[in-house]
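Survey of secondary and tertiary structure
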Amino acid sequence: MLLKISEILSPIAEDTEVKVTALYRIDGTAIFAKVNERTGEILNLLYWLESQIKSSLYYIFTKSLDEISFSYKDVEIRMFAVSRTLVLVFVVEKECMSKYKIDLDIENIIEKLRELV
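These notes cover the structure that comes with them. Remember, it's a predicted structure, so these values are computed and weren't measured experimentally.

1. What about the nonpolar core?
- Membership of the largest hydrophobic core comes to 20 residues, with the highest contact counts inside it found for L9, L23, L88 and L113.
- Those elements that provide at least two residues to this core are helix 1 (2–13), strand 1 (18–25), strand 5 (86–93) and helix 3 (99–116).
- Setting aside residues no more than four positions away along its own chain, L23 makes contact with I5, L9, T29, A30, I31, F32, V82, L86, V87, L88 and L113.
- L46, I53, V87 and V91 belong to the second largest nonpolar core, which has 19 residues in total.

2. Brief notes about the side chain of T21
- Tracing the chain through its elements places T21 in strand 1.
- Overall, the relative accessible area of 0% leaves T21 in the buried class.
- Sequence-distant contacts of T21, that is, excluding residues within four places in its chain, are made with L9, I12, A13, F32, A33, K34, V89 and F90.

3. Here we look at the layout of surface pockets
- By volume, the largest pocket amounts to about 180 Å³.
- The wall of the largest pocket is formed by D66, E67, R78, F80, D103, I106, E107, I110, E111 and R114.
- Taken together, the elements giving at least two residues each to the lining of the largest pocket come down to strand 4 (75–81) and helix 3.
- For the lining of the largest pocket, the element with the most residues is helix 3, which contributes 6 residues.
- The residue makeup of the lining of the largest pocket, split by class, is 3 nonpolar, no polar and 7 charged.

The rules behind each value
- Residues numbered from 1 in each chain as written.
- Predicted model: local features only at pLDDT ≥ 70, side-chain atom pairs only at ≥ 80, totals over all residues.
- Heavy atoms only, no water.
- Core = buried A, V, L, I, M, F, W, Y, C linked by side-chain atoms within 4.5 Å.
- Buried < 20%, exposed > 50% of the residue type's maximum accessible area, 1.4 Å probe, protein only.
- Helix = DSSP H or I, 4+ residues; strand = E, 2+ residues; numbered from the N terminus.
- Contact = heavy atoms within 4.5 Å.
- 1 Å grid on protein atoms, 1.4 Å probe; cavity = no way out; pocket = protein on both sides within 12 Å on 5 of 7 lines; lining within 4 Å.
- Points joined across faces, edges and corners; volume = space filled by probe spheres on them.
- Nonpolar A, V, L, I, M, F, W, Y, C, P; charged D, E, K, R; others polar.

So, in structure tokens, the structure goes:
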């Protein structure tokens with residue numbers, strides 16, 4: 001199953017404008033993580049995200065949201081509920097040149113992951 005998840009996430013994880021692609025369990029454990037930029041800020045952001053997963057899922061489901069997104073310095077963090085126990089996280093540049101393409105990729109990835117889980 002991890003191999004299939006990796007295959008589904010690989011196309012967007014390889015995009016240079018996507019700094020981080022990660023799939024987390026509700027307890028904050030990363031199932032898949034691909035970091036394209038290894039700076040101290042990005043790594044600190046990942047540690048912080050691990051502690052926010054449970055509350056983010058709760059907020060998504062209680063408010064009936066499709067995603068949660070917020071900005072931090074020069075990046076945008078986007079979180080999507082794949083299931084009741086999985087959260088898909090992307091960190092992208094705020095001034096991303098291929099934002100429309102990334103949005104389409106995200107929609108396709110979420111559909112494929114939901115079929116898998």
